Structure formats: structure tokens, C-alpha cells
Protein chains: 4
Amino acid sequence: MIRVSVMGAAGYLGGELLRLLIGHPGVEVAQAISTRFPGRRVDSVHPNLRSQTGLVFSAPDDLTDGDVLFLATPHRTTMTLLPGVRDRAGTVIDLSGDFRLPDPAVYERYYGVPHAAPELLGAFVPGVPEMFRDDLAKADLISVPGCMATAAILALRPLAGLVGPDVQIDARTGSSGSGAMAGDGNLHAERSGAMRVFAPSRHRHEAEVTRLTGLNARMTATGVEAVRGVQVVCHATGTAGEREIRGAYREHYGGEPFVRIVAHRKGAHRLPDPKLLSGSNYCDVGFAVDGDRITAIAALDNLVKGGAGAAVQCLNIRTGHAETLGLGFPGLHPA
Amino acid sequence: MIRVSVMGAAGYLGGELLRLLIGHPGVEVAQAISTRFPGRRVDSVHPNLRSQTGLVFSAPDDLTDGDVLFLATPHRTTMTLLPGVRDRAGTVIDLSGDFRLPDPAVYERYYGVPHAAPELLGAFVPGVPEMFRDDLAKADLISVPGCMATAAILALRPLAGLVGPDVQIDARTGSSGSGAMAGDGNLHAERSGAMRVFAPSRHRHEAEVTRLTGLNARMTATGVEAVRGVQVVCHATGTAGEREIRGAYREHYGGEPFVRIVAHRKGAHRLPDPKLLSGSNYCDVGFAVDGDRITAIAALDNLVKGGAGAAVQCLNIRTGHAETLGLGFPGLHPA
Amino acid sequence: MIRVSVMGAAGYLGGELLRLLIGHPGVEVAQAISTRFPGRRVDSVHPNLRSQTGLVFSAPDDLTDGDVLFLATPHRTTMTLLPGVRDRAGTVIDLSGDFRLPDPAVYERYYGVPHAAPELLGAFVPGVPEMFRDDLAKADLISVPGCMATAAILALRPLAGLVGPDVQIDARTGSSGSGAMAGDGNLHAERSGAMRVFAPSRHRHEAEVTRLTGLNARMTATGVEAVRGVQVVCHATGTAGEREIRGAYREHYGGEPFVRIVAHRKGAHRLPDPKLLSGSNYCDVGFAVDGDRITAIAALDNLVKGGAGAAVQCLNIRTGHAETLGLGFPGLHPA
Amino acid sequence: MIRVSVMGAAGYLGGELLRLLIGHPGVEVAQAISTRFPGRRVDSVHPNLRSQTGLVFSAPDDLTDGDVLFLATPHRTTMTLLPGVRDRAGTVIDLSGDFRLPDPAVYERYYGVPHAAPELLGAFVPGVPEMFRDDLAKADLISVPGCMATAAILALRPLAGLVGPDVQIDARTGSSGSGAMAGDGNLHAERSGAMRVFAPSRHRHEAEVTRLTGLNARMTATGVEAVRGVQVVCHATGTAGEREIRGAYREHYGGEPFVRIVAHRKGAHRLPDPKLLSGSNYCDVGFAVDGDRITAIAALDNLVKGGAGAAVQCLNIRTGHAETLGLGFPGLHPA
């Protein structure tokens, strides 16, 4: 059994990690660390875990050694916290934004503060099994991309070489991406039914897409009515036809356990929709070709393939488990 | 022109009062009072009022004299605040819970604190035009009932004498009833899609229903997915047949401008549904009879007929305007 | 491996059965029968099953023999269909309403037509493991209760002997309970955000509650905004105190794998809410006591514990598998 | 009083026309024409009009003469129907897509059928008061643009000359845009919470945008969770700075009664969101500038400014009424 702990365990990503790890047959959850709720039962904060666990949150100072440590702590905080916990586990898997961008200048441009641990930036392997499976198998430091970045990277990667460099990404997201801390903008009466363009340009995930696809990505992000779910619609141009593009997707994803190609001619479900994916680790990718316009689309659950699920997939790869272990839930329909 | 001011103008009821009063042809809004946002534009907090008004919030200490003062301030605060502002306007219309229950012992039982101004309790006329129109025409102190109380009172009043004394009321409400202050339970990700029984029994509005209907009301309340909207389903028993009951509703409401009888045999809209009533001042009431079981149903927009709209209706009655003035919006379909 | 087939496999309950059965390690899905879509891929209708199965719908006439046959066919149709398929499997598990009420006169009162196979009515064991586990272990004909009936039965059963006979049940349900066939009332623009009292009294599930609890159940049903999820709020009266009532729930459900007692003093999740249960086989039950008023509450996913999940739980019991096999998904938070 | 009739009055646009026209002080609604429901009360189909009107639907053959005839009939049908009703009113205002594109070849490319009345195409004035006010004042044939087209045209028009010709438009829409006829894809359980890319490219409204802005518009359209509401996010490039762009918007819309500039630095409501606009005739437009990336955003209620409200605004202009008459509802917050 792999001994794992989760820091930031009271947040939404932390809770999703706990759901997946508690249900994982090869893993023992040693500690759920929370600064806010030490001593409280985990299921009092994550009520879906009732009868799944009797675990109680531990304080950060009580962190013990283990095999794998997950960091589901906030951006800008995690980089200050990492050096102090780096040695408590053989492998650290970070879900924050702090170690996704290897260039500290790019980090500062997108996060607004200088990086606190720039010397560690180069040591992290991106948590994208579809691109870095071999590296992940031996990585000690793993950084899971942003939810919208993962979606866009998986949508766009097969198009490299087939489309021009400029890509406009239109991302839509549910409210859970804003985390579990209440704020005026997250109040139900305000957020319900909204179409809120919270990043008209330069959403920070675009830097990750640019880095990992080689394209010049521009990302707009809008909050729409959903709790879970991210969808990206990527606008590119190129001369490849539909057959060639479908071939590229098949080549990249034919053997992938968690990427499905969804590009049908008709029907309500012809293209990727995160509505189908709540709780599942799938990223559905699809495309449409219309003359020189190539539209690539991806959908995922921001807390699963866009975060906790990708992290568990990385853990499976790193620890030699079957890559799909503990990640079998396919999603619901209708939902 | 009637000169009116609103205290608690930054809240949801306050904003709804402003929407109705700004659009009211017989009223001039003198001040919008807010402890949180003095000096800020009203439309920065209530964005639906953009281009409707250039009004800026005033601090409570700057309250000036006027004809009518609306209090949309919190329960338990309003009763301490009222004596100090009582003389700033000829008529005070209170939307809080503090002056709805004439017996201070009943108030304390339902609100958990002793009443701070018990000597004033008897001076308020309930803001229910359907019952107190004549009194309201000359009232200087008016207390608008709770949103679920208004719905239940209007649903049940025609049944007095036709049903037994015990009535079980099942109330459902949208999230705006919890107000504009963010809290853990109001976070979109938590509240969205919920069916939250927040008062399994003894919801405080039951005391108002008991008082104004003479029935022995018991009320359960559940938050369901909606921003606006209240629905009550009232379970009573009696021997009256459908014809007699329909007659009672018609007798009570045939001439009422804001109560509609909705009791059809079939169709998706056969019984009252608040979905149709957002923004409107209607309370739809309906019923179904099955042997000795009599089910009375009512729906309204908690911020309009359940609060600000009822208050404006009272203002119209008190100031001699047409009762429907400024309250003409009928609601949308679909919505 | 148990060989199972599903009739009515293109509907929502049929799809949920397929999801659970395809993921069940002790079961082989032989056939998915559909009158509408023979020859089409199952995942074209149930897109959450993409990459889970290559199964194609079969026509009813092509039904072959197997171990267990699930009927997810419509009310009133199933009773005419059952005699013809009774012998195609050792065990038949019916999810329709046609074999839930042993008295044909009661059936006719609630379903509006005479029963077509009254001689079979007595042969079915109700699919309520919490009451009939021993009988189910050897049952050849199993009838899964209605979704709201299951919720109410599990909420009320511990109260037998502690409350008076009359119980008013207020049931709320999501839209998936209306099935996968489009109709005017199910149109998104009409149904979204609705609070639709579609059964002001005498919802047909009340007959099942009356039968299995011995109480005199009256049920009102309202459609609220949700796709999945049922909640019942049951109003009873009695003299038992909270301690005694909690004891009764613990005695009944302490050892039950799929019933959790949720009755806390505070918090957004203090009482059962179906929002937490999408995809899971839990029925959460809770209660509140206030003087002589006893409110019992239950929540479940109408397609899982309220249908397909209960059916699979029955299959596990009948075939000697661990009762929880294939039913491990705990639900999501937030969702 | 202007005598008006509405064809297609049982649909959602028809119902919204009736709501606005019944509440319009300068208009008398002569007939509500419906092929499906002749003889039925209008409020049985549009329940928000209860107590607003006793009108009964008329059959198409019973159409009488009037001053203004509104066509809220389907695309592809309207062009065959128009010649036969052209003379029944001095002014015809069409809300379908059939007379929006003056070039029949473009029509055929986007609607898939040859135009049935190409000789009339050039006679229609677009129902965009912000561009064609003078022409509308004397127009006998008016064609209201598509809802997403209106939003995009109003968002982009001030940028003409300031941005390059290629514009990518990402449009999102609620479910009411699909009309009142039930279909599999519109079923609540299917459509609820969806992010459905129903037009990955070449949405037909792009042809209208191209025509009226002179830009080379490409439009993607996605259905998101909402009943009413359209939002467009338009991606352009240019060298103009924020000050210059704000100036252009002010110059175009400073005097417009129904276009508001919403482009703030922060806050949940900093950019246009249709959530605020249900029932209102506003189109909110905003923008963000980031280097050479210019993002223009617009939001409106598809049934009001995107259809019936624009049509009534055109009627006001054509008949010499105040342009805002009958269109005063400002929208709700929260909603």
C-alpha cells in the first residue's frame, strides 16, 4: 500500500483527492491536512465521504512522512510551503499553479508576484500522462496543469503542425473552480445562471498551453452555470481536411485510457460536453473543420481530469499501478 | 410626488425597493441608505439599475426627512433602529421580521431574543392589502409579512371555516431569501441544485400565519434551486367540495389586483409556480381537493409580493395612488 | 458470471442499469433490448457509456435466455409484456409500477386501468433489501418500488409504533423521473427552475408506502430544478423524544450498507439532500423532533437507489454476491 | 391606437411580442394567430399573461387587416407565407431569418434551401435602430436580425476601422432560442447544465454580422444553462488603445436608449452578462484591450432585444411613438 497525504484537504480539489484516494485499492490515506479544520471529521466538510472514512483533519505541523504528498493548497502559498515539506514524501504532486511555468518571468507576468522558489521550477514534470508518461514514471516532483490548460492542451496537441501558430481559446467553467471559500461573486444568487467573462483575455492558463503545445495561445474565460465542468473551444486555421485531422487525433489518443474522441456528425452529444463527465477522469476531445477554420473542443471535470483525477493518474504511473486504478467512474447520463 | 427613502438599500430587498420606486411615476427616491457602501453609486451594487438612476448611497447618519421611509434592514437590528428614525417620515414601512408579531413572547420564541421595543408592536398594521386595505389607507406604521407567510396567508385565508384548524405548510424558497451577504451555505457550488431542509419544523413565518389566519400552522422550509421564488403547499382537511372551495377563493380574490386563482385540471401550469412570477407582484393561489384532503398552494416572488412589491402596494394605498401603480410587470414566460 | 439482459434499455432507468451492470465485476450484459433503437450502438443513446461498451441494442423479439432479466419498461405496458418473457430468465427484476401493489383494486385506483396479470401480483417480492433481504435471496420475481416510495419507506419504517398512523409526505423530484421521451412539459425552457406541483395529492407512490409501512400515507409531489434526485419530507406526530427516535433509526440502519443516518444539529448538510447522492446507491435518512411534531426526511438518486441501483442490490442478494458489489460510487461534493 | 396582429403567436417570440404589445399604451392587439391553437385562450399557452388579456388565438385564415403585422413564424416558412399576408397591414415586421440576408445565394448557403421570394429580399430594412433609425421611420418591411447577430453587430460596430477584418465570435445562448416545440435535445434532463457546441463554425447569424459590420465574421455557438440570454465574445486585433476604443463606444452609444456600455475594471458585473437582462430591452456592450487583442462583448435577452423588444422598438420608431414606450422594464437583480 502506498501511503499518501493531502495538504489543503478541506478545499474542493482536496476533497476530490480524498474521494479518489479513499476509493483507491492500492493506497492508504495517512493524513488530510487542513489549516482551517484540524480536529474536525473529514466528512463534516466533504459530506459525500460519510461512511467512506472516519478520517479527521490534521494540522499542517503534524504532517508525517509518507510515500506521496499531494498539495492542493492555494496559488502563491504553495511555492512558499513546498521547500518545508519537500522531504516528507518521495514524490510530491502539486495541484496549484505555482510550479507549472518553468520561467519565473512568465510566472510573475501571470501571477503578479515574483516566484519564491525559482530554483525548483525546472524540477517539476507536468502532470500530463498523454505527453510525459515516461518521465512521470520516475518523477519526484509533479505539477498538474490548470484545468482549462489540460483541456486545451489535449484538444490542441494533435493539431501541432496542422494549424497556424495563433490559437484563440474560449474557455467556460463551472463555479467549483473558484474554490470553497465564500466571496461576493460566488454567492449563489449572484453566480447562478451567470455568463461572467472573468478573464476577457490573458487567462493565466494560456501560458501553460503555449508552453506545452508550442502554439501562440490566447485564452478568454467565462463562468457559466455549472458547478463542475470545463469546456474549451479553440479556434485555429489550417489547410488540413477532416480526414487528416481525425487521423491525427486517433494517432495521439487511440491508446489513451482517459481521452476519448467525440466528433460526430449530429446529435445533442456530437461534441465534448462536460455535463457528461462529472466525477469521471475522461477528457473528451473533438473537432470540426469548415474550410480553413479548424475548431478543436475539449471537455473535462475540472476537479477530476482537471485536477485530482490527473494527480491520481500520475500517482498510478509513478507507483507502478495500473494507470486507471481507482479512476473507473464513467460519469452519468442524464445528469 | 411622494418623497421616499430606503434604509438597508444595498441588500436584495433594498435593491428591489429601489427598482420599483425608481420606476414609480408618483414617487421620488430621496435617499438610499447603506451602512456598507455610503458614497458608492447604487448601480454598482444593483447593476440592473444602470441608466435608471445616478443615485449614490447615503450613510445612515445622513438620513433626512421624507414622506415614507422603508426599512429593509435585518431582523433584530430593525427594532433597535426604529425608535431613532420613527419621526423622519410620516409613514414607516418595515420589511423586517421585527414588527410582525404583536406578542413579544411569541417574538422571543421565534427570534431567540427579547424584543427591544415591545411598546411599538401593537402599532403596526400588517402589510397585507387583501386583509387590511382600509387600515393601511391610514396607517403610519406598516409591517410587511415574511415572504412565506404572505404566500401561506393568501393560500389559506379563504379556507377559514372550511378546514380543520391544523395545517401543515411545506414551503420552498430560492436563495435570494438568504440575503446578499456571502456565507458558506450560500456559496454557489454548495447551494446550486440543493434541496436543503433548513427548517424541518417551526419556521418562524408559521407564527405569522397562525396569527393572521386563526389556523394552527406548522411550517417546514426547504431551499431549492432558484434565486427568486417561494412556493407553499398547505395540507389541510375538511368536508367542503371543490365547487365550494373554488367559490371561497373567488369570493376573496375576485376583485384583488394581485391575487390570481390558478387551479386548472391539467397542464404544466395548472397550479401556482413561482417560475412565472419573477419580478411580478402577483401571488398565484390554487387548490386541489381529494376526498377530505384539501391542498392549498401559493407562489410569489419573495422579493416582490413577498417583500418590496407588497411594500409599494401598501405605499400606493397609504398615499392614495392607484394600488397597482408601478407594479405592472406581469412576469416572463419562459424564464 | 451472471448473464443479464435489460428490456427498456434506451430509457433513463435502462441506461442506469447498463452503467451499473457493465461496471459490475460479476455480471455479463447479454442484451440491451429497445423497441426504438434496435441496431444502434448503446453509447449513441447513453453517451456516458462511450468506451465502456460496444453493445448494440437488440429488438424485443430477439431476447435470448439468461440468468436475470431486468424490466425497465413503462407502467401499464410491463404487465402485458411480463407473461411472455417470464421464462427467459430464472429471475425477473421489474422496475415498473405494475407489480408493486398486490391488490389489483388498489392498482386500478392508482393507475387508472385494470391489472392485466392479477394472478402474478402476489408472486413478487418488493425490492427493498432493508425489509426483505431473506426473501430476496431466493426470489424469482422482484418488484423495485417507486423512487419516492423507497425514500418514504426508508424514512418512515423506523417510526412505526412511535408515530400516529397519519403521515403527510411532501415529495420533490428532478426531471429524469419523467423519462427520456420529450413532451411539452419536459422542455428545458418550461421545466428549468420550475416548482411544479404535479400531484397535489394521491401520488401513486403513496399506496406503496401505505402497504409497506402500515401507516396511512398521503403524498404530494412537486417537480423542482434538478435532473436526478428525490427528497421526501414526512410529517408525523408522536410522543417519542429525539433520543428514542435516533435509537430507532440506528437499530434499523446501523448495519445497512446503503442507508445513512443524516441528522445533525447544524450546517448546510445537516439533513438528507439528494444533491450529494447523484450516481450513488445511498438513501440518506434523517429526522427532526419538535414537541409532538416528528419530521422524517430521506433523499436518494431516483435512478440509482430509487431504481437501477436497488435492482442491482437485489441482484447481488439473489445471486450471492457481496451486496455492495458494483455499487461503490459514493457521490460527489460539490456537484 | 395602432392596430397590430401577431402571426406565430404561440411560440416564444410570439408570446414575448404579446407581453410587450399588451402592455404597450399606444397599441391594440387585434389578433394572435396560431396554426396549432386556434380557439384556445392565449394565457393557456403563455401563462404569464393571465389577467393581462382575454385574447383567444385565431386561425391564420381569419387574419384581418391592421396597421402592423408581426411575423414570429419559423424560418423557411415565413418566406412562403409573406406574399399572402403582405397587404394585410401597412407595415410588416418579420422576426424570422428569411428576410435578413439580401443576397439569395448567401441565404441558400446558410439556410440550405433556395429563397422562395427573392424579389422581396431587397425591400426589408434591418431592425437595428442604432444603425437604421431614419430608414425604419418610414419602412414598410422590417426584418429583425437574429439574436446573436444583434448582439455581435452592436458589440462590433464601434470597432469598424479600429480592428482588422477578421473577427472570431463565440456566442452562447439559453434554451429558449430553440423555440417552444419539444425535441429530444431540448428535454430538460438533456439540456440542463449542458455546454453544447451546436455550431462549431458557420452559425448562420455570422452572415448578418458580416453584412452589417463589414467585418469578416466567424461565429461559433454554444448552448449553455439558461432559458433566456445571449452573450457574444468577439475576438479582434488592432492597435487602438483602451481610451480610443472607449471613445468609439461612447460616440456610438452615448445617445442610445437601449445600449449601455459595461466595461469596468473589476467586480462580478464588470462586463455584459445576460443574467441581468431577462425581460429587458437593453443590449449591454463592453470591451477589454490587452496589447493588440481587443475583446468585444455583448449580452441581451434573445426574446427581447434579440427579437420581440427590437421589433417593438421598430414599431415605436415607425409609428412615431417614443422609442422606449412599452419597453421600460430594466431587468432584475438578483435573478
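Residues numbered from 1 in each chain as written. Chains lettered and ligands numbered in written order. Predicted model: local features only at pLDDT ≥ 70, side-chain atom pairs only at ≥ 80, totals over all residues. Heavy atoms only, no water.

Some words on the relation of the copies chain C and chain D
Here is the rule we go by: The copies are overlaid by a least-squares fit using only the C-alpha atoms of residues whose pLDDT is at least 70 in both copies. Throughout, a residue-residue contact means that at least one pair of heavy atoms, one from each residue, lies within 4.5 Å.
Turning chain C through 180 degrees and shifting it by 0.0 Å along the axis lays it on chain D, with an RMSD of 0.0 Å. The transformation just described matches what one would write down for a two-fold rotation axis. Of every C-alpha in chain C, the one belonging to His188 of chain C sits nearest the axis of rotation, 1.9 Å from it. Both copies share a contact surface, since 100% of the interface residues of chain C are interface residues in chain D too.

Section: the environment of Gly291 of chain D
Spelled out, the test is: Every helix listed is a DSSP run of H or I at least four residues long, and every strand listed is a run of E at least two residues long, numbered separately from the N terminus.
Tracing the backbone shows Gly291 of chain D in the loop between β13 (283-290) and β14 (293-300). In sequence terms Gly291 of chain D and Lys275 of chain D are 16 residues apart; their C-alpha atoms lie 29 Å from each other.

Considering the interface of chain D and chain A
For the record, the criterion: When two parts are brought into contact, each loses some accessible area as probed by a 1.4 Å sphere; the total of that loss over both is the buried area. For salt bridges, the criterion is a side-chain nitrogen of Lys or Arg within 4 Å of an Asp or Glu carboxyl oxygen. In the analysis that follows, any N or O atom pair within 3.5 Å is treated as a polar contact, provided that within protein one partner can donate a hydrogen and the other can accept it, and provided that, for residues neighboring in sequence, both atoms belong to side chains. Polar here means any residue other than Ala, Val, Leu, Ile, Met, Phe, Trp, Tyr, Cys and Pro, which are nonpolar, and Asp, Glu, Lys and Arg, which are charged; Gly is therefore polar.
Contacts between chain D and chain A engage 48 residues on the former and 48 residues on the latter. Here chain D packs against chain A, burying approximately 3800 Å² in sum over the two surfaces, 50% of which is carbon and sulfur. Considering only the surface of chain D that becomes buried against chain A, Met195, Arg218 and Arg293 of chain D emerge as the three largest contributors, covering 20% of it. With its nearest N and O atoms 2.5 Å apart, the salt bridge here joins Arg172 of chain A to Asp170 of chain D. Here chain D and chain A share 30 residue pairs in polar contact (both at pLDDT 80 or more) between them. Mapped by element, the contributors of at least two residues to the side of chain D that touches chain A are β8 (166-173), α7 (188-191), β9 (196-199), β10 (216-223), β11 (230-237), β13 and β14 of chain D. Here the side of chain D that touches chain A gets five residues from one element, more than from any other, and that element is β10 of chain D. Tallied by class, residues from the side of chain D that touches chain A come to 19 nonpolar, 14 polar and 15 charged.

Some remarks on the packing of helix α1 (residues 12-22) of chain D against helix α10 (residues 304-319) of chain D
Residues and elements named next belong to chain D. Defined as follows: Helix axes use the C-alpha atoms of the stretch in contact, all axes being lines fitted to C-alpha atoms, and the angles between their N-to-C directions lie in the range 0 to 180 degrees. For classification purposes, an angle smaller than 35 degrees is called roughly parallel, one larger than 145 roughly antiparallel, one from 65 to 115 roughly perpendicular, and anything else oblique. Left-handed describes a crossing whose near helix is turned anticlockwise from the far helix through less than a right angle; right-handed describes the clockwise counterpart.
Packing of α1 against α10 leaves a shortest axis separation of 9 Å and a crossing angle of 45 degrees. With respect to α10, the element α1 is oriented oblique. When the axes of α1 and α10 are compared, the crossing they make is right-handed. Counting all contacts with α1, which are made through Leu13, Glu16, Leu17, Arg19, Leu20 and Leu21, the residues of α10 involved are Val304, Gly307, Ala308, Gly309, Ala311 and Val312. Tallied by class, the residues present in the contact of α1 with α10 amount to eight nonpolar, two polar and two charged.

Any link to function would need more than the numbers given here.
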